[in-house]
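# Observations on the model geometry
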Amino acid sequence: MGVSLAAGELLGPIFGSITYGIYLVTFGIAMHRLLTTADTGEWKRRSQIKWVMVAVSCVLFVNGTLNITVAIITIFHAFVVYRGPGGPEHVFTHSSSWQTLTKSFNVPFQSLLGDAILIYRCWYLWNRNIFIVALPLLIWFANVAVAIRFLILLGQAAQGLIISTSVRPWVQAFWVMTICINIMTTSLIVLRIWMVERQNKSLGISENRPRSTLGRAMRNIIESGAIYTCASIFTLVTEALESNLTYPASGIEIHSVGITFNLILIRAARNIQQSAHPTVSVGFTQPRTMTSRVDTNDIFAMSRIGKESDYNADRGPEAL
């Protein structure tokens with residue numbers, strides 16, 4: 001049995017609120033990890049704080065909060081305030097409504113920002129090799145154009161439905177490309193960590209523990225990335241089926257981006273705390289054998305693999 005438009009719109013904030021609650025918890029823990037030291041819990045000095053990651057975390061938080069707030073306002077207006085003809089569906093089908101356009105902007109913006117961070121991490125991890133991320137980057141720019149086109153068509157549509165005939169192909173294209181970017185970048189990051197871990201073992205410099213820091217980092221990336229990928233696939237399926245379940249799917253997906261981002265921060269920090277060694281040795285086979293040491297006090301230590309040229313023996317790797 002199909003889900004009505006009113007039911008789909010009502011389920012959106014319900015599922016969105018559940019995932020938003022999970023997101024709030026992970027956001028608080030992640031910000032604590034970014035702004036305080038792991039050992040003492042004291043505030044970090046300004047020079048020690050990764051301001052780029054703090055800024056991204058805050059933007060994701062503001063955008064996700066705006067989405068759930070506008071969704072609740074829309075539901076209240078449709079079911080409580082509006083008493084005109086057409087009932088709640090009249091409110092939901094007005095594309096000129098600022099609520100509809102705002103919510104439709106929030107979701108792709110959140111996904112595009114999350115994808116950009118994934119591409120950046122992949123690029124940095126592969127020694128800033130632009131050719132490695134060339135294809136994901138091109139798809140990302142194409143996705144930006146698709147999102148813009150989707151918003152323009154939504155504003156011009158007679159009915160502001162993201163499953164309308166004119167808008168649906170662009171929405172589906174957006175989610176297909178989002179899934180492709182996520183799978184490609186996650187696979188490249190995991191491949192890079194696996195290559196270094198394997199080379200460490202061949203050089204006999206891997207950690208003497210059943211599961212090394214790099215191994216835990218690889219599992220962290222896979223498990224956290226799976227949350228975002230599964231949410232995107234669910235959204236794509238509901239769009240392809242032309243189901244009104246796309247509204248709760250979007251409510252889940254927008255917060256899954258922030259949850260994934262925060263989980264990587266939290267679990268990376270936890271792995272660093274559990275490490276019995278102050279540094280992780282990373283070996284590379286080049287014209288001569290080199291060993292790069294990665295500062296495990298850096299919450300993004302995994303992003304330093306292969307960064308031999310930027311390492312300073314006295315100060316450790318530069319802050320991300």
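Residues numbered from 1 in each chain as written. Predicted model: local features only at pLDDT ≥ 70, side-chain atom pairs only at ≥ 80, totals over all residues. Heavy atoms only, no water.

Under an unreviewed UniProt entry, the name given to the protein is Carboxylic ester hydrolase, and the source organism is Favolaschia claudopus.

## Section: the UniProt feature "transmembrane region" (unreviewed entry) in the protein
Quick reminder of the rule: UniProt positions are given in the numbering used here, feature names are shortened, and annotations may be inferred rather than shown by experiment. Counting from the N terminus, the helices are the DSSP runs of H or I reaching at least four residues and the strands are the DSSP runs of E reaching at least two.
Under the present numbering, the feature "transmembrane region" (unreviewed entry) in UniProt falls on residues 12–30, 51–80, 105–123, 130–152 and 172–194. Helix makes up 100% of residues 12–30 and strand makes up 0%, while its end C-alpha atoms are separated by 26 Å. From the first C-alpha to the last, residues 51–80 spans 43 Å; its make-up is 100% helix and 0% strand.

## Some thoughts on helix 4 (residues 98–125)
Counted only if it meets this: The length a helix should cover is 1.5 Å for every residue beyond the first. Buried, partly exposed and exposed residues are distinguished by accessible area as a fraction of the type maximum, computed with a 1.4 Å probe on protein chains only: under 20%, between the cut-offs, and over 50%, respectively.
The end-to-end C-alpha distance of helix 4, which contains 28 residues, comes to 40 Å, matching closely the 40 Å that a straight helix rising 1.5 Å per residue would cover. A large share of helix 4 lies buried, amounting to 21 of its 28 residues. Of the residues flanking the end of helix 4, it is N127, one or two places downstream, whose phi is positive at about 55 degrees.

## Observations concerning the environment of Q48
Mapped onto the elements, Q48 comes out in the loop between helix 1 (5–35) and helix 2 (51–81). Relative accessible area serves as the criterion here: at 31%, Q48 is assigned to the partly exposed category. Linking Q48 and T37, residues eleven residues apart in sequence, is a C-alpha distance of 9.4 Å.

## Quick look at the packing of helix 4 against helix 6 (residues 168–203)
For any two helices packed against each other, one specifies the crossing angle of their axes together with the interaxial distance. The line we're drawing: The angle between two axes is taken between their N-to-C directions and runs from 0 to 180 degrees, where each axis is a line fitted to C-alpha atoms and a helix contributes only its stretch in contact. When an angle is under 35 degrees it counts as roughly parallel; over 145 it counts as roughly antiparallel; between 65 and 115 it counts as roughly perpendicular; any other value is oblique. Should the near helix be turned anticlockwise from the far one by less than a right angle, the crossing is termed left-handed; should it be turned clockwise, right-handed. Residue contacts are defined here by distance: any two heavy atoms, one from each residue, within 4.5 Å place the two residues in contact.
Between helix 4 and helix 6, whose axes approach to 9 Å, the crossing angle comes to 25 degrees. As the angle between them shows, helix 4 and helix 6 are arranged roughly parallel. When you trace helix 4 past helix 6, the crossing you get is left-handed. Contacts between helix 4 and helix 6 involve V107, P108, S111, L112, D115, L118, I119, R121, C122 and L125 from the first element and F174, W175, T178, I181, N182, T185, T186, L188, I189, R192 and I193 from the second.

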